[in-house]
Amino acid sequence: MADAGRHPNITLLTNSQVTAASGYVGNFNIKVLKKARMVVEGQCTACGDCVKVCPVVVPDEFNVGLSSRRAIYQPFPQAVPSAYIIDGQQCLGHEPIVCGKCMEACQKKCIDFNMSDEELELKVGTIVVATGVDVYDPTVLDEYGYTRHENVLTSLELERLISSGGPSQGQVIRLSDRAVPQSVAFIQCVGSRSLKRGNPYCSNICCMNTIKSTLMLKEHYPEMEVKVFYIDIRAFGKGFEDLFRRSKAAGVRYIRGIPGEIQEDPQTRGLVLTVDNTATNALETHRADMVVLAVGMHPPEQMKVIQEMLALQKSPDGFYLEAHPKLQPVDSATRGVFFAGCAEGPKDIKESVTQASAAAARAMRLMTPGKLRVEAITAEVDPETCTICGICGKVCPYQAIAVKAKGGKPAFVNAAACMGCGTCAAECPAHAITMHHFTDGQINAQIDATLEDDPQGRIPIFACNWCSYAGADFAGVARLPYPPNTRLIRTMCSGRVSEDFIWRAFSQGAPVVLLSGCHFGDCHYINANHWTDKRVKRIWRKMEKLGLRPERLQLEWISAAEGMRFAQVMQRMEELRAGVTPEEIAQTKVILAQAGLPGEKAPPAKQAAG
Ligand code: FES
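Not measured: the values here are computed from a predicted model. (Residues numbered from 1 in each chain as written. Predicted model: local features only at pLDDT ≥ 70, side-chain atom pairs only at ≥ 80, totals over all residues. Heavy atoms only, no water.)

Participant: What exactly am I supposed to notice about the overall build of the protein here?
Facilitator: Helix and strand content of the protein: 16 helices and 27 strands. Overall size of the protein, expressed as C-alpha extent along the three principal axes, is 90 × 65 × 40 Å. Across the 610 residues in the protein, those meeting the buried criterion constitute 47%. A fraction of 69% describes how many contacts in the protein between residues 6 or more apart in sequence connect residues 24 or more apart. Accessible area for the protein stands at about 30400 Å²; split by element, carbon and sulfur atoms hold 53% of it. Between the averaged position of the 66 positive side-chain charges in the protein and that of its 65 negative side-chain charges there is a distance of 3 Å. (Helix = DSSP H or I, 4+ residues; strand = E, 2+ residues; numbered from the N terminus. Buried < 20%, exposed > 50% of the residue type's maximum accessible area, 1.4 Å probe, protein only. Contact = heavy atoms within 4.5 Å. Areas by Shrake-Rupley, 256 points an atom, 1.4 Å probe, with all protein chains shown as cover. Lys, Arg positive; Asp, Glu negative; His and termini not counted. Charge placed at Lys NZ, Arg CZ, Asp CG, Glu CD.)

Participant: Where do I start with the sheet that holds strand E11 (residues 183-190) in this structure?
Facilitator: Sheet strands pair by backbone hydrogen bonding; their relative direction is either parallel or antiparallel. Spatial ordering of the open sheet is given by E10-E17-E11-E12-E13, a layout of five strands whose pairing is parallel. Of all strands in the sheet, those bounded by a partner on one side alone are strand E10 (152-154) and strand E13 (253-256). For this sheet, the mean inter-axis angle between neighbouring strands, taken without regard to orientation, is 25 degrees. Across three bridges, E10 lies against strand E17 (residues 290-295) in parallel orientation. Note that in E17 the partner of valine 152 across the bridge is valine 291. Most of the contacts of helix H5 (residues 206-220) go to E11, to which it runs at about 170 degrees, and overall it touches E11, strand E12 (225-230), E13 and E17. (Pairing = 2+ DSSP bridges. Axes fitted to C-alpha atoms, helices over the stretch in contact; angles between N-to-C directions.)

Participant: Is there a simple way to think about the sheet that holds strand E7 (residues 118-124) in this case?
Facilitator: The strand order across the open sheet formed by three strands is E1-E2-E7, and the pairing between neighbours is antiparallel. Lying at the two open borders of the sheet, with one neighbouring strand each, are strand E1 (16-24) and E7. In this sheet, adjacent strand axes meet at a mean angle of 20 degrees when their direction is disregarded.

Participant: Which parts of the structure should I look at to understand the side chain of serine 183?
Facilitator: Of note, serine 183 is situated in strand E11. Residues within four places of serine 183 in sequence aside, it is in contact with Met224, Glu225, Arg287, Ala288, Asp289 and Met290.

Participant: How should the packing of aromatic side chains be read in this particular structure?
Facilitator: By convention here, two paired aromatic rings are described through the distance between centres and the angle between planes. Applying the stated criterion across every chain, the model contains eight aromatic pairs. Taken together, a centroid distance of 5.1 Å and an interplanar angle of 45 degrees make the contact between phenylalanine 520 and tryptophan 557 tilted. Taken together, the residues phenylalanine 520 in the loop between strand E26 (513-517) and helix H14 (528-546) and tryptophan 557 in strand E27 (residues 553-557) connect sequence positions 37 residues apart. Given the relative accessible area of 39%, phenylalanine 520 is considered partly exposed. Judged by relative accessible area, tryptophan 557 falls into the buried class, the value being 15%. Through successive ring pairs, a cluster of aromatic residues spans Tyr230, Phe244 and Tyr254. The aromatic ring of tyrosine 73 is capped on one face by arginine 69, whose charged end is 3.8 Å from the ring centroid. Over the face of the ring belonging to tyrosine 469 we find arginine 490, whose NZ or CZ atom lies 5.8 Å from the ring centre. (Phe/Tyr/Trp six-rings, centres within 6.5 Å; stacked < 30°, edge-to-face > 60°. Lys NZ or Arg CZ within 6 Å of the ring centre and 35° of its normal.)

Participant: How should I be thinking about the environment of alanine 279 in this particular structure?
Facilitator: By the element assignment, alanine 279 lies in the loop between strand E15 (271-277) and strand E16 (282-288). Put simply, alanine 279 and glycine 257 are 22 residues apart on the chain and 7.8 Å apart in space, counted from C-alpha to C-alpha.

Participant: I'm lost on the environment of leucine 283 in this one. Help?
Facilitator: Position of leucine 283 relative to the elements: it lies in strand E16. Taking the C-alpha atoms as reference points, leucine 283 and proline 259, 24 residues apart in sequence, are found 9.9 Å from one another.

Participant: It is not clear to me how the pattern of salt bridges should be interpreted in this structure. Could you clarify?
Facilitator: Close approach of charged atoms allows side chains with opposite charge to pair. Here the structure, examined in full by the defined rule, presents 31 salt bridges. The partner of lysine 227 in a salt bridge is glutamate 225, and the shortest N-O contact between them spans 3.5 Å. The buried category is assigned to lysine 227, whose relative accessible area is 8%. Overlapping salt bridges bring together Glu427, Glu499, Arg535, Arg538 and Lys542 as one network. (Salt bridge = Lys/Arg side-chain N within 4 Å of Asp/Glu carboxyl O.)

Participant: Help me understand unusual backbone geometry in this model?
Facilitator: Among all residues except glycine, the phi angle is most often negative; among peptide bonds, the trans geometry is most common. Across the junction of valine 80 and proline 81, the peptide omega takes the value 0 degrees, indicating a cis bond. By the secondary structure assignment, proline 81 is in the loop between strand E5 (72-73) and strand E6 (85-86). Leucine 597 connects to proline 598 through a cis peptide bond whose omega is 0 degrees. If you check the backbone angles, glutamine 399 has positive phi at about 50 degrees while not being a glycine. Within the secondary structure, glutamine 399 sits in the loop between helix H9 (391-395) and strand E21 (401-404). You can call glutamine 399 exposed: its relative accessible area is 53%.

Participant: Sorry, what's going on with helix H4 (residues 155-162) here?
Facilitator: Spacing of three or four residues puts side chains on the same side of an α-helix, whose turn is 3.6 residues. Across the eight residues that make up H4, a large majority, six, are buried. In this structure, the buried residues of H4 make contact with E10, E11, H5 and E17.

Participant: Looking at this structure, I do not really get the environment of serine 498. What am I missing?
Facilitator: By the element assignment, serine 498 lies in the loop between strand E25 (486-491) and helix H13 (499-507). Using a relative accessible area of 7% as the deciding quantity, one classes serine 498 as buried. Once the C-alpha coordinates of serine 498 and cysteine 424 are considered, the two residues, 74 residues apart in sequence, prove to be 9.6 Å apart.

Participant: Where do I start with the layout of surface pockets in this structure?
Facilitator: Left-over empty space is what a probe sized like a water molecule reveals as it rolls over the atoms. By volume, the second largest pocket amounts to about 1300 Å³. Taken together, 42 residues make up the lining of the second largest pocket; nearest its centre are Ala323, His324, Gln328, Trp466 and His524. Mapped by element, the contributors of at least two residues to the lining of the second largest pocket are strand E19 (337-339) and helix H8 (349-367). A per-element tally of the lining of the second largest pocket places H8 first, with three residues. Split into classes, the residues belonging to the lining of the second largest pocket amount to 21 nonpolar, 11 polar and 10 charged. (1 Å grid on protein atoms, 1.4 Å probe; cavity = no way out; pocket = protein on both sides within 12 Å on 5 of 7 lines; lining within 4 Å. Points joined across faces, edges and corners; volume = space filled by probe spheres on them. Nonpolar A, V, L, I, M, F, W, Y, C, P; charged D, E, K, R; others polar.)

Participant: Sorry if this is basic, but what is going on with a nonpolar patch on the surface here?
Facilitator: A contiguous nonpolar patch, built from Met1, Ile10 and Leu12 and spanning about 270 Å² of accessible area, is present on the exposed surface. Inspection of the secondary structure puts methionine 1 in the segment before helix H1 (2-6). (Patch = residues over 30% accessible without salt bridge, like charges linked within 9 Å, V, L, I, M, F, W, Y side chains within 5 Å.)

Participant: Honestly, H13 in this entry has me stumped. Any pointers?
Facilitator: Burial runs high along H13: eight of the nine residues are buried. Glu499, Asp500, Phe501, Ile502, Trp503, Arg504, Ala505 and Phe506 are the residues of H13 that are buried. In the core, the buried residues of H13 are packed alongside helix H11 (440-450), strand E24 (459-464), E26, H14, E27 and helix H16 (582-595). Looking one or two residues beyond H13, the residue adopting positive phi is glycine 509, at roughly 105 degrees.

Participant: For this particular structure, what's the right way to read the side chain of serine 247?
Facilitator: By the secondary structure assignment, serine 247 is in helix H6 (residues 240-249). Exposure remark for serine 247: the relative accessible area of 0% places this residue in the buried category. A distance of 3.0 Å separates polar atoms of two side chains, one belonging to serine 247 and the other to threonine 214. At 2.7 Å, the side chain of serine 247 forms a polar contact with the side chain of tyrosine 254. Not counting residues within four places of it along the chain, the set of residues in contact with serine 247 comprises Ile211, Thr214, Leu215, Val252 and Tyr254. (Polar contact = N/O pair within 3.5 Å; in protein donor to acceptor, adjacent residues only side chain to side chain.)

Limitation: the analysis is restricted to geometry and does not speak to function.
Here it is, written out as C-alpha cells:
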C-alpha cells in the first residue's frame, strides 16, 4: 500500500466511492465521490495532537470494537496516506461553543471544516475490480452463543488481540476478566461448507489462519492447552502441510467433529463444548477458557452495485464470475474489466497478490498497443430497416447497442463492446441486424442443407460454440456412440437462434429440433441464454396454439464436460424423432404456411455468401 502510494504512475483515491460507470473497453467513464476528509492530506504529519483533545470516543472498527478511537483518527497504523481523518457522523463540529478543539490543537492548521465532498470524473481504458470480502457474522448460529458468552470470539477478534499493535498489545486475554486463558478451543468452518446455515463453499483461508494462530499461541504461552475442532483440515498450499505438522508437534490437539453447542459455566465463565468425535464415534465434552469461531467469508453487499454498473455476472456463491475458470481466470465477461483478490472468490494473501499481478498485466497487455483488436463476429444494424423499437438495446448483455427512440435515430452497435452473442439479431423483429459470420442467410443455408435429403430421418441441433458444441466434441473424442442422423448447426451462443430458424426447420420437414446451450450461469455472454430460455418458452406457447406438439422442440443445457449427457440427449432425440409420423410432418408444413411462418421478412438462404 505504501509502495502504491509513492508510485508516480498511481493515484490513490482513498475515502472515495465509485458512483457510476459507463462506456466500454478503452473508453470507460467513471464517476467517483471523494468524501471530504476535513484534514489537508499533504500538510498533516500525523503528530496526534488533535487526537489528544478530541472529546468523542467511539468503538474502533479496525480493532473490531475491542478498543476505542476518537472522532478524529487514523483508520489503522499503516494507513496511506499517513494523515488523520474526521468522522463526520461522530464529530461535534467546529463551532467553538460546541467543540473545535482539534482545530485549536493543530499547529500546522491542517484541519479544514469547510472541505466538501468532490465528484471526480475519470476516463479510463480498463478497470480492475477488487471488492474484497466481508467476514461471516456468527450471531445467527445461536448454539455457539456468540452474543451471550463474552469469551466466545471470532477469528478476526483473536487476530486483533494477538497483534502487537492491537488493543491488548499482543496479550491474549479473556474479555470477561482480562486474564490470560489457560485453554483455547477453535471451531472450524463457522459459516462455511454448510448447505443449510451459512455458505456452501469453503472459505479457503480459515484452516491455515487457525493453524497459524495455534502456533502463535503456543509460542507465546507454551503451557496453554489448545484444541481445534474440524471437519477436515485443508492445508494444500506450499509449506502449509509442514505448518500443520508443526502445530500438532507443538501439542495442539486436533479433534474431528464440530461442537453442537457451547454452554457457559456461570461461576468461572469457562465454556463447555459438546462434540460428536467422528474419529472415535464418542460423544465428548471439552472445557475451554476461550472459544474462537473460525468464521468464513462472504461477498460484500456493495458488489451488486458494481455488478450493475459494469454488466458483470455472478456465480451462485455470490462472487463475480470469471470469463473462463481455466483460461481467463482474471477476466470478466465484459471486455476491459478484470478481477483481483476476493472479488471472484475467497483467497489467501498469496493468491490475491498473484491474481492482482495477473489482472494488472492483462490490463496492460490490452492497452499498450494503443489499438484494440476485436473479433469479426460483431453485430451490425441496417439503419434503413431499423424501426427503433429498442429491443436490441434491452437484450444486449454488454450494453453495446445505443438506441435513442426519442431522437428517432436507428440503433447503433459499438463494435468494441459487442462480443458477438447474436441475441440482438435473434430478437430483432425487423430483421435489421446482421451478425457477421453468423448471418441469417448462412444459418438458413445450413438448415436447408441439413434437411435437403430425407428430412424425416434428420435431427437438426442448434449448439452454442462454447458448451454444447464442445460437449458434442467431447462425446466424439471419447468415442461415445450416439445416433448418426443428428446434424449440428453451430452458433456462438444459443441466444443467436431466432424463432425463424426453428420455424424454418419445421417447415422444411424436421420431425424434431434441439436447441442447446450452456447451463444458466455458464453462458459465455453473461446472461444471453436467459433470452434463449424465454424465446423457447414463447415458441412452445405458439406451437400449442397452432396445434403442434411442443415436445418436438427440445431445449437442453449441456456443458463442454458433459459428453456423456450429450450422447444421452441425442439418444432421446432419436426416440422422439421416431415417434413423429410423415402425416404429422406434412400437417406441420401446412399449418406453418397458413400462419406465414417463418416470418416473411426473413432473408432467404441465398444470402448465405454474405
Ligand atoms: Fe453457450 Fe451462451 S455461450 S449459451
